[in-house]
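Overview (structure and organization)
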Amino acid sequence: MSTTTTATVAPAKANIGVYTNPEHDLWVADALPSQEDVESGASLAPGEITVAIKSTGICGSDVHFWHAGRIGPMIVTDTHILGHESSGVVIALHPAVKTHKLGDRVAIEPNIICNECEPCLTGRYNGCEKVLFRSTPPVPGLLRRYVNHPASWCHKIGDMSFEDGALLEPLSVALAGMQRAHITLGDSVLVCGAGPIGLVTLACVKAAGAEPIVITDIDEGRLAFAKEFCPSVRTMKVEFSDTPERFAERVVELAGGVQPAVVMECTGVESSISGAIHAAKFGGKVFVIGVGRPEIKVPFMRLSTREVDLQFQYRYANTWPRAIRLLQGKVLDLSKLVTHRFPLEDAVEAFGVAADAKKGGIKVMIQSLGEGEK
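Residues numbered from 1 in each chain as written. Predicted model: local features only at pLDDT ≥ 70, side-chain atom pairs only at ≥ 80, totals over all residues. Heavy atoms only, no water.

**Overview of the environment of Ser335**
Note on placement: Ser335 falls in the loop between helix 10 (320-328) and strand 19 (338-343). On the basis of relative accessible area, Ser335 is assigned to the partly exposed category, the value being 35%. Put simply, Ser335 and Leu167 are 168 residues apart on the chain and 8.5 Å apart in space, counted from C-alpha to C-alpha. Among the polar contacts listed, one links the side chain of Ser335 to the side chain of Asp333, at a separation of 2.7 Å. (Helix = DSSP H or I, 4+ residues; strand = E, 2+ residues; numbered from the N terminus. Buried < 20%, exposed > 50% of the residue type's maximum accessible area, 1.4 Å probe, protein only. Polar contact = N/O pair within 3.5 Å; in protein donor to acceptor, adjacent residues only side chain to side chain.)

Here is the structure:
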């Protein structure tokens, strides 16, 4: 590789990463690029920069790859680095990169696309047929101290905090759903699931002017958090004994008799999707963001006779600039979602919190911050 611009301060620590494998182990160990390669820039390809990762959020998919070893056709078959919700600072760049400079604070959009297939050429690159998506096997993730990534997918965040920079990824998931669900001022909305994606979606639909908003979950603690996070939301604890019809009745009762115009389904659970379909108004929409089993049953005739549209989402495209504007302009404040913080060296403990709802974690951050950094 060509000689690269040298970082103003050589990396002081060795690179480490957070790994899992087909045996469902989880550990922290040495990772690439090496400390020496970061300092020399020898591992950088044309168009790449080296980012010193400062904050990374643990996603439910990270926990799923660890515990289950797969999500649908995406299977952990070897030693694998997790993480795809990251931000950091540029510490090296290839000479071909003219868009960034040393010291830029950036959030990493974790995909690398081919720019040749129809989805890419039509702007829907989340459907890229050859995509390399960080943390989706076999592509190594971002839970490392240093990462090489194409500069074009490293969005500048100015003086935004590294935590907010890491939250841009789950915000992008919610924004992609918002754009395609076409939620408008005054729409009645049901949000299924009060996990991180459900709560970010709740913030978005509130900012969009939805009313009334109901959010559901099986965990009372998460519903209490949702109420604190968005005081006007109406919360409903899902009972395992609820039929889809009873689920729908309870939602409508809680909304003062108003049936949801749009349901943002953030669990991917079959029973929740069925309940959402029964709750939606005639001509309404159920938009599924959550990821579930490879095959599920849905109440077909309810969809048909009520003309309820059922839509799905796969990741996001063209959302990061919009997400950055929303946080920089303080239209949204997602900082309360960060409940736990751990240094990179303690990542195994961090995953233990993220994987256990009883420990009260909403968004768990893994950090590699220097003195005074935030």
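**Observations regarding the sheet that holds strand 15 (residues 234-237)**
Within a sheet, neighbouring strands are paired by backbone hydrogen bonds and run either parallel or antiparallel to one another. Here six strands make up an open sheet; going across it, the order is 15-14-13-16-17-18 and the pairing parallel. Looking at the sheet topology across the chains shown, the edges are occupied by strand 15 and strand 18 (309-312). Strand-to-strand twist across the sheet, computed as the mean angle between neighbouring axes with direction ignored, equals 20°. With four bridges joining them, strand 14 (residues 213-217) and strand 15 adopt parallel strand pairing. Bridge pairing in strand 15 places Thr216 opposite Met236. Across the sheet, helix 4 (residues 162-181) touches strand 16 (262-265), strand 17 (285-288) and strand 18, and the angle it forms with strand 17 is around 155°. Each of strand 13 (189-192), strand 14 and strand 15 is contacted by helix 7 (residues 244-254), which is oriented at about 155° to strand 15, the strand it contacts most. (Pairing = 2+ DSSP bridges. Axes fitted to C-alpha atoms, helices over the stretch in contact; angles between N-to-C directions. Contact = heavy atoms within 4.5 Å.)

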